[in-house]
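Summary of the model geometry
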Amino acid sequence: MPSPTQRALARVPERWKPTLVQHRKLVKFLLVGGTCFVLTMAVDLGLKFTVLQHKPVVALTVATVIATVVSYVLNRQWSFRANGKHREAILFLVVSALAVAVNDLPLVFSRYVLDLREPDVTPLVQEVADFLSGMIVGTLLAMVFRFWAMNRWVFTRTRLQPPAEELEPERV
């Protein structure tokens with residue numbers, strides 16, 4: 001039975017298949033990130049409009065923590081197919097914490113350097129600027145940082161790497 005990845009790849013036009021296969025780790029990482037982005041927004045909005053109406057920062061924090069846990073599981077099991085290591089989980093948490101800071105930088109720049117906040121701008125302009133700088137630009141920067149950092153430090157030994165004996169030339 002074909003895997004979900006194989007079934008999805010069967011629906012892709014032939015000219016794109018070699019590129020997607022060549023960059024499969026990045027494609028999977030982007031799919032996990034997109035899923036977690038939607039999950040973060042859904043949980044955040046759900047909490048902000050129900051039990052955490054007056055605590056939007058707490059709502060976003062809870063949503064981000066939930067999405068980070070889902071991201072860890074999906075990236076470990078699917079995107080990077082990593083062998084389990086205790087060190088990996090700690091490094092994942094460090095990278096994720098740094099990525100939150102990377103994600104916040106465009107919002108800080110928009111609000112406090114460009115001064116795109118009330119009373120200097122209308123509430124609508126402030127909210128659009130916050131969304132574009134924090135959710136769009138910040139998320140894209142954090143995604144690039146996470147992919148690089150996960151590849152470099154967290155999921156360094158993957159199941160896709162051949163064993164050492166396969167790398168040696170065959171002796172006759």
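Only a predicted model underlies this, so the values are computations on that prediction, with no experimental measurement involved.

1. Let's talk about a nonpolar patch on the surface
A cluster of nonpolar side chains, L124, V128, F131, L132, I136, V137, L140 and L141, forms an exposed patch at the surface whose accessible area comes to about 690 Å². With respect to the element layout, L140 can be found in helix 6 (residues 123-154). Take L140: its relative accessible area is 45%, and that puts it in the partly exposed class.

2. A word on the nonpolar core
The biggest cluster of nonpolar side chains holds eleven residues, and these are F29, Y72, F92, V95, A99, A142, F145, A149, M150, V154 and F155. When residues in this core are grouped by element, the largest group, five residues, is from helix 6.

3. A look at the environment of L132
For L132, the position within the fold is in helix 6. L132 sits in the partly exposed class, given a relative accessible area of 46%. Expressed as a C-alpha distance, the spacing of L132 and S110, which sit 22 residues apart in the sequence, is 9.3 Å.

4. Things to note about the packing of helix 3 (residues 24-48) against helix 6
Where helix 3 meets helix 6, the closest approach of the two axes is 11 Å, and the angle between their N-to-C directions is 140 degrees. As the angle between them shows, helix 3 and helix 6 are arranged oblique. As for how helix 3 packs across helix 6, the hand of that crossing is right-handed. Contacts between helix 3 and helix 6 involve K25, L26, F29, L30, F37 and M41 from the former and F131, M135, T139, M143, R146, F147, M150 and N151 from the latter. Of the residues assigned to the contact of helix 3 with helix 6, the class counts are ten nonpolar, two polar and two charged.

5. Some details on the pattern of salt bridges
Opposite charge on two side chains lets them pair, provided their charged atoms get close. Evaluation of the coordinates by the stated rule reveals one salt bridge. Residue R117 pairs with D115 through a salt bridge whose shortest N-O separation is 2.9 Å.

6. A short note on the packing of aromatic side chains
Per the stated rule, a full pass over the model turns up three aromatic pairs. Summarising the aromatic geometry, the rings of F145 and W148 are spaced 6.2 Å apart at their centres and angled 45 degrees between planes, so their arrangement reads as tilted. Of this pair, F145 and W148 both sit in helix 6, three residues apart, roughly one helical turn. Taking 4.9 Å as the distance between ring centres and 80 degrees as the angle between the ring planes, the aromatic pair formed by W148 and W153 counts as edge-to-face.

Quick notes on the rules
- Residues numbered from 1 in each chain as written.
- Predicted model: local features only at pLDDT ≥ 70, side-chain atom pairs only at ≥ 80, totals over all residues.
- Heavy atoms only, no water.
- Patch = residues over 30% accessible without salt bridge, like charges linked within 9 Å, V, L, I, M, F, W, Y side chains within 5 Å.
- Areas by Shrake-Rupley, 256 points an atom, 1.4 Å probe, with all protein chains shown as cover.
- Salt bridge = Lys/Arg side-chain N within 4 Å of Asp/Glu carboxyl O.
- Helix = DSSP H or I, 4+ residues; strand = E, 2+ residues; numbered from the N terminus.
- Buried < 20%, exposed > 50% of the residue type's maximum accessible area, 1.4 Å probe, protein only.
- Core = buried A, V, L, I, M, F, W, Y, C linked by side-chain atoms within 4.5 Å.
- Axes fitted to C-alpha atoms, helices over the stretch in contact; angles between N-to-C directions.
- Parallel < 35°, antiparallel > 145°, perpendicular 65-115°, else oblique.
- Left-handed = near helix turned anticlockwise from the far one by under 90°.
- Contact = heavy atoms within 4.5 Å.
- Nonpolar A, V, L, I, M, F, W, Y, C, P; charged D, E, K, R; others polar.
- Phe/Tyr/Trp six-rings, centres within 6.5 Å; stacked < 30°, edge-to-face > 60°.

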